[in-house]
Amino acid sequence: MIEYETVRTRLRAAVRADDPWGALEALGAERPDGLAEAAEELYRSDTGPATFRRYLTWLLRILGDRGDAALLRLLTEQGFAAADRRDLLGTAVSRELRLPAPLLHAFAEDLPPSDGDDARRGGSLGRELVDAMGLSGDPSLAARLGALLDDPAAPRGPAALALGRLGACEWTVPIAERLPEVTGLDHTAFAVALELMGDPTAVPHLLRRLADCDEERVFDVHHALVRLTGRDPLLPERARGAAYAAAVRAAWADGRTERAPAVVRDVVVESGTRARFSVDGGAGRIRVVYDPPSPGSSWPRWDRSLTFDRKPLYRVGSICDTCELGLTLLNWPDAEAARIAAGMRERLAGLDRLDADLLGEWSPVLGELTTGHYHALLLDLPLEQVTEPDRSWWHRRAADREAEDGDDPAYGGGSPEESWPGVAHFQLTAPVPGGRVPCTYGAFLPSQPPEAHDPATVARHAAAVAAGERPAAVVLGWIDDRYPEAGDEQRWLVGIVLDGHHRLAAYAAAGVPARVLLIARVDGGMGADGGLEGLAEVAAAYGCRD
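Residues numbered from 1 in each chain as written. Predicted model: local features only at pLDDT ≥ 70, side-chain atom pairs only at ≥ 80, totals over all residues. Heavy atoms only, no water.

(A) Representation of helix 7 (residues 101-110) in the model. All of the buried residues in helix 7 are Ala101, Leu103, Leu104, Phe107 and Ala108. Each buried residue of helix 7 sits inside an arc of 160° when the element is viewed along its axis, so together they form one side. Of the exposed residues in helix 7, those oriented more than 90 degrees away from the buried face are Pro102 and Glu109. In this structure, the buried residues of helix 7 make contact with helix 5 (65-75), helix 6 (82-94), helix 8 (127-136) and helix 9 (142-146). (Buried < 20%, exposed > 50% of the residue type's maximum accessible area, 1.4 Å probe, protein only. Helix = DSSP H or I, 4+ residues; strand = E, 2+ residues; numbered from the N terminus. Arc of directions from axis to C-beta. Contact = heavy atoms within 4.5 Å.)

(B) Just a negative patch on the surface, in detail. A cluster of acidic residues, Asp18, Asp19, Glu25, Glu388, Asp390, Glu417 and Glu418, forms a negative patch at the surface. Locating Asp19 in the fold gives a position in the loop between helix 1 (2-15) and helix 2 (20-30). (Patch = residues over 30% accessible without salt bridge, like charges linked within 9 Å, V, L, I, M, F, W, Y side chains within 5 Å. Areas by Shrake-Rupley, 256 points an atom, 1.4 Å probe, with all protein chains shown as cover. Salt bridge = Lys/Arg side-chain N within 4 Å of Asp/Glu carboxyl O. Lys, Arg positive; Asp, Glu negative; His and termini not counted. Charge placed at Lys NZ, Arg CZ, Asp CG, Glu CD.)

(C) Summary view of the sheet that holds strand 6 (residues 328-329). Strand order in the open sheet formed by 4 strands is 3-4-5-6, and the pairing between neighbours is antiparallel. Where the open sheet ends on each side, the last strands, each with one partner, are strand 3 (286-290) and strand 6. With 2 bridges connecting them, strand 5 (residues 311-318) and strand 6 associate as antiparallel partners. Across the sheet, residue Tyr314 finds its bridge partner in strand 6, namely Leu329. (Pairing = 2+ DSSP bridges.)

(D) Expanded view of the nonpolar core. Judged by nonpolar contacts, the single largest core of 83 residues is most densely connected at Leu11, Leu89, Ile175 and Leu206. Not counting chain neighbours up to four residues away, the residues in contact with Leu89 comprise Leu75, Leu99, Leu104, Phe107, Leu111, Glu128, Leu129 and Ala132. (Core = buried A, V, L, I, M, F, W, Y, C linked by side-chain atoms within 4.5 Å.)

(E) Structural view of the sheet that holds strand 11 (residues 473-482). In spatial order, the strands read 1-2-7-13-11-12-10-9-8; together these 9 strands make up an open sheet with mixed pairing. Since the sheet does not close on itself, it has two edges, and those belong to strand 1 (263-271) and strand 8 (383-386), each with one partner. Looking at each pair of strands side by side, their axes are set apart by 25° on average, direction ignored. Sheet analysis places strand 11 next to strand 13 (residues 514-521), joined by 5 bridges and oriented parallel. In the sheet register, Val475 faces strand 13, and the bridge partner there is Leu518. The strands touched by helix 22 (residues 501-510) are strand 8, strand 9 (425-428), strand 11, strand 12 (490-499) and strand 13; relative to strand 8, the strand with the most contacts, the crossing angle is about 105°. (Axes fitted to C-alpha atoms, helices over the stretch in contact; angles between N-to-C directions.)

(F) Broad picture of empty space enclosed by the protein. In total, this model carries 2 cavities of 30 Å³ or more according to the counting rule given. Within this model, the second largest cavity holds a volume of roughly 50 Å³. Taken together, the residues that form the lining of the second largest cavity break down as 8 nonpolar, no polar and no charged. (1 Å grid on protein atoms, 1.4 Å probe; cavity = no way out; pocket = protein on both sides within 12 Å on 5 of 7 lines; lining within 4 Å. Points joined across faces, edges and corners; volume = space filled by probe spheres on them. Nonpolar A, V, L, I, M, F, W, Y, C, P; charged D, E, K, R; others polar.)

Shown next, in the form of structure tokens:
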């Protein structure tokens, strides 16, 4: 009892502190026993300003399961003001809690929209409640959500997304038919909702929409068609604006929706170390895709993940170029990604130049990539293996930038663990020299657990390297340009190792530049601008010498 009183006293002091958010964050990080219960008790009390409750719901959000249980108990109580109930509901949504349908039906009957939702909305459901309904998994809520699709003053986009999360396919056609009526983020949300449904009955409606939609809506419709049909036609490289819209319309003009076999074409060998090719109708076994939108987010398309056979491998982060690039390990593939490159392995043992016959031989493997335009670079990269967060460029770049400019870093602060991708990886020993961007960092992440590496295989490759052999690894990579906090430009060469983990470990241990076949998509599929300049700089600095 004394310990609980201490926790309760500390909590009251935290919400009254000059910086309550900081005080609560510190207390939440410590997580003393009884903290969630003390927050729940204080929330119910009448002592202190009403703003205390906003602090307390935030604290409950960061307390995990104990906080979730307290939230659920508070949500069932009827005595709180409407603003408090909306705050509790929004916090439950941010935790992606599945609330019972009877509770949500009750909220729909008696919870008025907030002032910020505009008085015109009348009895329309508020955004927090719409998101909670979509997370509930209960189809009985679909009719309430569907009724919002025709209300211009309602949160129509979030309602469509909620129906998509419920998999309420009876609303597929109504959502598709209303695409011409919505604009802006609502249009994107309607298209994403159709993707979440996964219902091919939307396809004829999308094809008609593509023929008459505005130029800025073409991407939404094209993306939904690719996701729902599996057909991914090749578009002209770096097409933008009207040219992009015309190319998309032409690609779907004949109404074909079946996926054809992948074709590798337009092969151009620029030198023994650099080539170009295109993949049309690629299988896309390894690709970067948009994550399902987070409930409560304003952006239907935002975060992305790199997936292998549709299973997320790494979180890649947002499309915002003023945000940090930060990759995070999510799962390991069910099968090793190296199997994709198995058909290349025989020719990797002593690879010292690229030619058209070689790329033709590898066409079945290259066709497993996603549709797009690619460059293949044969590089000798000075790599090191990083096992500690404080050695990774994801942390060191801030100190590196500070030393370069003499300024305090505006980004990349915090502990090394906060920016660590969650797994040991290979990185360039120094930023790429001679580039326009002062600091171009390089990091190659594994597609199989490092602890699964066989020491005997590493030793065998190390002996070959010591004897002068240069076996190549295969890396799928891209250039990613960022302006963190709208500050100085920062460039990354990022890659996922498809084949050659043991070889890279041997090179790193020997301190010998690693022979790497880098396959990089250059039409905006992964990097913000395709990365042609960055790839040219990497090739100039590290291109394999014949």
